[in-house]
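Chain and residue survey
Listed below are the residues making up each chain.
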Amino acid sequence: YQSRNIVTVCAAADYLAEHTPLTISRRAFREGLACTAATTGLAGRWQVLSREPYMVCDTGHNTEGIRYVAAQLEALECDKLYCVIGFAKEKALEDIMQLLPRKAHYIFTRASIDRARNIEDITAVAERLGLDYESAPSVTEAVHRAKCLATSADAIFVGGSNFVVAEV
């Protein structure tokens, strides 16, 4: 998704250069792109949390976002993929979960907010889809469980909800 975001950024910079007195040097533009996360404080977009095991989180939380995340997860080179996932109540659970990679082991959880989807709702869909899963009552416990299961050759993904990622 970032390649698409960069296209938008480039179009905005071109527009500014053509229609306003503002110009951005090539050097400043490159440095700005290279440091976007650090300078804006934005977190949770394919954010690497550790290297061994490789642990990443992403706030993709709807069908469009999960579609991109799922493609990135499928492309990961790892022995085993563990996914710590929870959702908000109002999300299209069936539609989103159908996009999840089948090769992963899921640890479904619930963020500590009222808007969080019950684990039972999530596991019912996981059962229908034939996913390999377990559950944990909190995000902290789910991440701890994933870290206990994972080796240095494995990968851990945390996501499904902005609230789950925020707790990590």
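Attention here is on the structure that accompanies the text. Just so it is clear, the structure is predicted and the values come from calculations on it, not from any experiment.

**A short note on helix 4 (residues 63-75)**
Between the first and last C-alpha of helix 4 there are 18 Å, a value that for 13 residues agrees with the 18 Å anticipated at 1.5 Å per step. If you follow the buried residues of helix 4, they end up packed against strand 2 (54-58), strand 3 (81-85), helix 5 (93-97) and strand 6 (155-159).

**Remarks on the packing of aromatic side chains**
Applying the stated criterion across every chain yields a total of 3 aromatic pairs. Measuring from centroid to centroid gives 6.3 Å for Trp 46 and Phe 157, while their planes differ by 25 degrees, and the two rings are stacked. A residue pair is termed long-range when its members are at least 10 positions apart, and Trp 46 in the loop between helix 3 (36-40) and strand 1 (47-51) and Phe 157 in strand 6 qualify at 111 residues. Here Trp 46 and Phe 157 have matching classes, each one buried. Ring centres 5.9 Å apart and planes at 50 degrees place the aromatic pair Phe 108 and Tyr 133 in the tilted group. A residue pair is termed long-range when its members are at least 10 positions apart, and Phe 108 in strand 4 (residues 105-108) and Tyr 133 in strand 5 (residues 132-135) qualify at 25 residues. We classify Tyr 133 as partly exposed; its relative accessible area is 26%. These aromatic residues form a ring-pair network of at least three members: Tyr 106, Phe 108 and Tyr 133.

**Brief notes about the nonpolar core**
Grouped together as the largest cluster of nonpolar side chains are 24 residues, with contacts concentrated most on Met 97 and Phe 157. For this core, the secondary structure elements donating two or more residues are strand 2, helix 4, strand 3, helix 5, strand 4, helix 6 (119-129) and strand 6. Those residues in contact with Phe 157 that lie beyond four places of it in its chain are Trp 46, Val 56, Cys 57, Asp 58, Val 69, Leu 73, Leu 81, Tyr 82, Cys 83, Val 84 and Ile 85. Formed by 17 residues, the second largest nonpolar core is a distinct cluster that contains Tyr 82, Ala 116, Val 143 and Ala 146.

**As for the environment of Ser 161**
Considering the arrangement of structural elements, one finds Ser 161 in the loop between strand 6 and helix 8 (162-167). Ser 161 sits in the buried class, given a relative accessible area of 4%. Residues in contact with Ser 161, not counting those within four places in the same chain, are Gly 60, His 61, Gly 86, Phe 87 and Ala 88.

Quick notes on the rules
Residues numbered from 1 in each chain as written. Predicted model: local features only at pLDDT ≥ 70, side-chain atom pairs only at ≥ 80, totals over all residues. Heavy atoms only, no water. Helix = DSSP H or I, 4+ residues; strand = E, 2+ residues; numbered from the N terminus. Expected span 1.5 Å × (residues − 1). Contact = heavy atoms within 4.5 Å. Phe/Tyr/Trp six-rings, centres within 6.5 Å; stacked < 30°, edge-to-face > 60°. Buried < 20%, exposed > 50% of the residue type's maximum accessible area, 1.4 Å probe, protein only. Core = buried A, V, L, I, M, F, W, Y, C linked by side-chain atoms within 4.5 Å.

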